[in-house]
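For reference, the chains in residue letters:
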Amino acid sequence: MELRHLRYFLAVAQEGHFGRAAERLNIVQPALSMQIKALEAELGGALFIRTSRRVELTEAGLLMQIEAKRILEQAEHARRTAERSLRGETGRLRVGFAGNAIFSGKLISDLRLFHKNFPDVELTIREVGPQEQVDAILTGLLDVGYTPAHSNIAVPDIAVRSIGDWEILVALPEDHSLVKHSCLTIEMLAGQPLVLYEAHDTHEHLFVLLTQRLGTNCHIAYRSGSTLSTLAIAATGLGLALIPAPLQQVHIPGLVYRRLNEPDLTANLVLISRSQEPGETVKAYLGLVTQLV
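Computed from a predicted structure; not experimentally measured.

Draft legend 1. View of the pairing of strand β12 (residues 266-274). Of all nine residues that make up β12, seven are buried, and the element is covered over most of its length. Where strand β5 (residues 144-147) and β12 come together, four bridges link them in antiparallel fashion. Opposite G145, over in β12, you have I272 as the bridge partner. Across nine bridges, strand β6 (residues 158-173) lies against β12 in antiparallel orientation.

Draft legend 2. Layout of the state of the cysteines. In the structure shown here, the tally under the stated rule is zero disulfides. Its sulfur unpaired, C218 is 19 Å from the next cysteine sulfur, which belongs to C183.

Draft legend 3. Just the UniProt feature "domain: HTH lysR-type" (unreviewed entry) in the chain, in detail. The UniProt record annotates "domain: HTH lysR-type" (unreviewed entry) at residues 1-58. Here residues 1-58 runs as 62% helix and 10% strand, with 19 Å between its end C-alpha atoms.

Draft legend 4. Main features of the environment of A21. With respect to the secondary-structure elements, A21 resides in helix α2 (residues 18-25). Accessibility expressed as a relative area gives 0% for A21, which makes it buried. Sequence-wise, A21 and A11 are 10 residues apart; in three dimensions their C-alpha atoms are separated by 5.3 Å. In this structure A21 touches A11, V12, E15 and L32, once residues within four positions along its chain are discounted.

Draft legend 5. Seen up close, the domain arrangement of the chain. The domain boundaries assigned to the chain delineate domain 1 (3-87), domain 2 (92-162 + 269-291) and domain 3 (164-267). Once you take the C-alpha centre of each, domain 2 and domain 3 turn out to be 27 Å apart. Residue-level contacts link 13 residues of domain 2 with 13 residues of domain 3. Contact with domain 3 buries surface across domain 2, with N100, F103 and L269 losing the most and accounting together for 49% of the total. In this structure, the connection of domain 2 to domain 3 is made through zero salt bridges. Run the count over domain 2 and domain 3 and you get two residue pairs in polar contact (both at pLDDT 80 or more).

Calculation notes
- Residues numbered from 1 in each chain as written.
- Predicted model: local features only at pLDDT ≥ 70, side-chain atom pairs only at ≥ 80, totals over all residues.
- Heavy atoms only, no water.
- Buried < 20%, exposed > 50% of the residue type's maximum accessible area, 1.4 Å probe, protein only.
- Helix = DSSP H or I, 4+ residues; strand = E, 2+ residues; numbered from the N terminus.
- Pairing = 2+ DSSP bridges.
- Disulfide = S-S within 2.5 Å.
- UniProt positions renumbered as here; feature names shortened; annotations may be inferred.
- Contact = heavy atoms within 4.5 Å.
- Domains from an automatic or database assignment.
- Buried area = accessible area lost by both parts, 1.4 Å probe.
- Salt bridge = Lys/Arg side-chain N within 4 Å of Asp/Glu carboxyl O.
- Polar contact = N/O pair within 3.5 Å; in protein donor to acceptor, adjacent residues only side chain to side chain.

See below:
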């Protein structure tokens, strides 16, 4: 018994006439009659009572009609499910992001766009440190990550797509003496306790630049891997925090932001994923969001 036999059977049952059923199925009537007889022979009995005017279902035929409808509906559901999966319209997507990525706007806009276009995909979103994102992606715990660029992403199995660059700001308490300046220079930071957002390599560009320009007057008082902790330390007055510009959206009582006059010094954000991605859902996400990069 094949699905086409069930379709032929249902057409005859619904039309009550072999001729009309054959016309509906776009086959010749003798071929249809032969297929129905073969089905009845396989099942071991008649499914139809044939008269000169119409064809009626036997008791077995009535039961067969219910089951045939159910089978064909399930087969169609299976087909649609497989097609949607192959198009990446179902499944799940696990997204990791570094703390400051959420303030760039790109992460949220990407997720909204994807959810709008693929509403049936299960989305898992969680904060993961930049260094940990690479291992999580390679081991299958994450599918994509939003992170500042760092040395761990420079491996063949990781694909890297640039999202953007932003200037560096200084976050400082509102009663600090430097607040009167609308724009600060690195030299103004000499001797000041500094707070760095330790999101990636120890010898990051910012740290190297500070030590080169300030020498022994470079005082790194705190390093923090948490965005909010970095800002909280600065607001408390324990140090001046050097942060990516998107973080100025965070309003903390007693904390103000000032530009740093170093146009060549920027904070970046990249989108990372597996170089050889087997999942259609992840491919659909990357294909959709990277059009806007």
